[in-house]
Amino acid sequence: MIANLVQLAAEEEQSPLVPPGPELLVGAIAFAIVFFFFWKKLLPNINKVLEERREAIEGGIEKAEAAQTEAQSVLEQYKAQLAEARHEAARLRQEAQEQGATLIAEMRAEGQRQREEIVAAGHAQLAADRKAAAQSLRQDVGQLATDLAGKLVGESLEDSARQSRTIDRFLDELEEKAEAAR
């Protein structure tokens, strides 16, 4: 039979594109064996590895999404805390300004009160000094006037009651004239 095939093949002209029948049959059987081996042994392993990779990728994506969600949550909490801290700082600043303004107002009022006390004490001291000076001046002027009058008249004016009345009357007249001149 092989001899017949060889002879048949020699008689026919062979096309370079189409292989001879027996080679085609042996090639098809070898292809089927290799295909069956790949299909039964290699393809399940490849599918298994591809499935594991797909699951790992999907798991990684899910983990990344979970991490991103958590990061977004933490960021929102941080922003909320930051806004709260800013609000608290503004409130504390406002309170400090109000306390400062109150303190300044109190200090001004206290300073004004002390100034008024000092001015009043100064006025009182001036009035007391003026009164003491006027009293001292009255006595000195009275004494000088009495001495002068005594020298002019030639006799001593020792009566103190009369002397005091005369001096007071004289000084009152001087004060009235001074006030009228103003």
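Residues numbered from 1 in each chain as written. Predicted model: local features only at pLDDT ≥ 70, side-chain atom pairs only at ≥ 80, totals over all residues. Heavy atoms only, no water.

Caption draft 1: Quick look at the overall build of the chain. When you go through the chain residue by residue, the secondary structure sums to three helices and zero strands. For the chain, the proportion of its 182 residues judged to be buried stands at 3%. As displayed, the chain has an accessible area near 16300 Å², and 61% of this comes from carbon and sulfur atoms. (Helix = DSSP H or I, 4+ residues; strand = E, 2+ residues; numbered from the N terminus. Buried < 20%, exposed > 50% of the residue type's maximum accessible area, 1.4 Å probe, protein only. Areas by Shrake-Rupley, 256 points an atom, 1.4 Å probe, with all protein chains shown as cover.)

Caption draft 2: Spotlight on the pattern of salt bridges. Evaluation of the coordinates by the stated rule reveals six salt bridges. Put simply, glutamate 88 and arginine 91 hold a salt bridge, and the shortest N to O gap is 2.2 Å. Taken together, the residues glutamate 88 and arginine 91, both in helix α2 (residues 21-153) and three residues apart, mark about one turn of the helix. Overall, the relative accessible area of 34% leaves glutamate 88 in the partly exposed class. A salt bridge links glutamate 110 to arginine 113, with the shortest nitrogen-to-oxygen separation between them at 2.3 Å. Taken together, the residues span about one helical turn, with glutamate 110 and arginine 113 both in helix α2 at a distance of three residues. Residue arginine 113 is classed as partly exposed on the basis of its relative accessible area of 36%. (Salt bridge = Lys/Arg side-chain N within 4 Å of Asp/Glu carboxyl O.)

Caption draft 3: Inspection of the packing of aromatic side chains at higher detail. Inspection of every chain in the model, using the stated rule, returns two aromatic pairs. Ring geometry for phenylalanine 31 against phenylalanine 35: centres 6.1 Å apart, planes inclined by 20°, an arrangement best described as stacked. Here the residue phenylalanine 31 and the residue phenylalanine 35 both occupy positions in helix α2, the gap between them amounting to four residues, near one helical turn. We note that phenylalanine 31, like phenylalanine 35, is exposed. Geometrically, the ring pair formed by phenylalanine 37 and phenylalanine 38 is tilted, given 6.2 Å between the ring centres and 50° between the ring planes. Sitting over the ring of tryptophan 39, lysine 40 keeps its end group 5.0 Å from the ring centre. (Phe/Tyr/Trp six-rings, centres within 6.5 Å; stacked < 30°, edge-to-face > 60°. Lys NZ or Arg CZ within 6 Å of the ring centre and 35° of its normal.)

Caption draft 4: The arrangement of the confidence of the model for the chain in detail. When pLDDT is averaged across the chain, the result is 82; 82% of the residues are at 70 or more. Least confident of the elements in the chain is helix α1 (residues 2-11), whose mean pLDDT is 59; most confident is α2, at 88. (pLDDT = per-residue confidence, 0-100.)

Caption draft 5: A nonpolar patch on the surface, seen in detail. A surface patch of nonpolar side chains, amounting to about 1100 Å² of accessible area, comprises Phe31, Val34, Phe35, Phe36, Phe37, Phe38, Trp39, Leu42, Leu43, Ile46 and Leu50. Relative to the elements of secondary structure, phenylalanine 36 occurs in helix α2. (Patch = residues over 30% accessible without salt bridge, like charges linked within 9 Å, V, L, I, M, F, W, Y side chains within 5 Å.)

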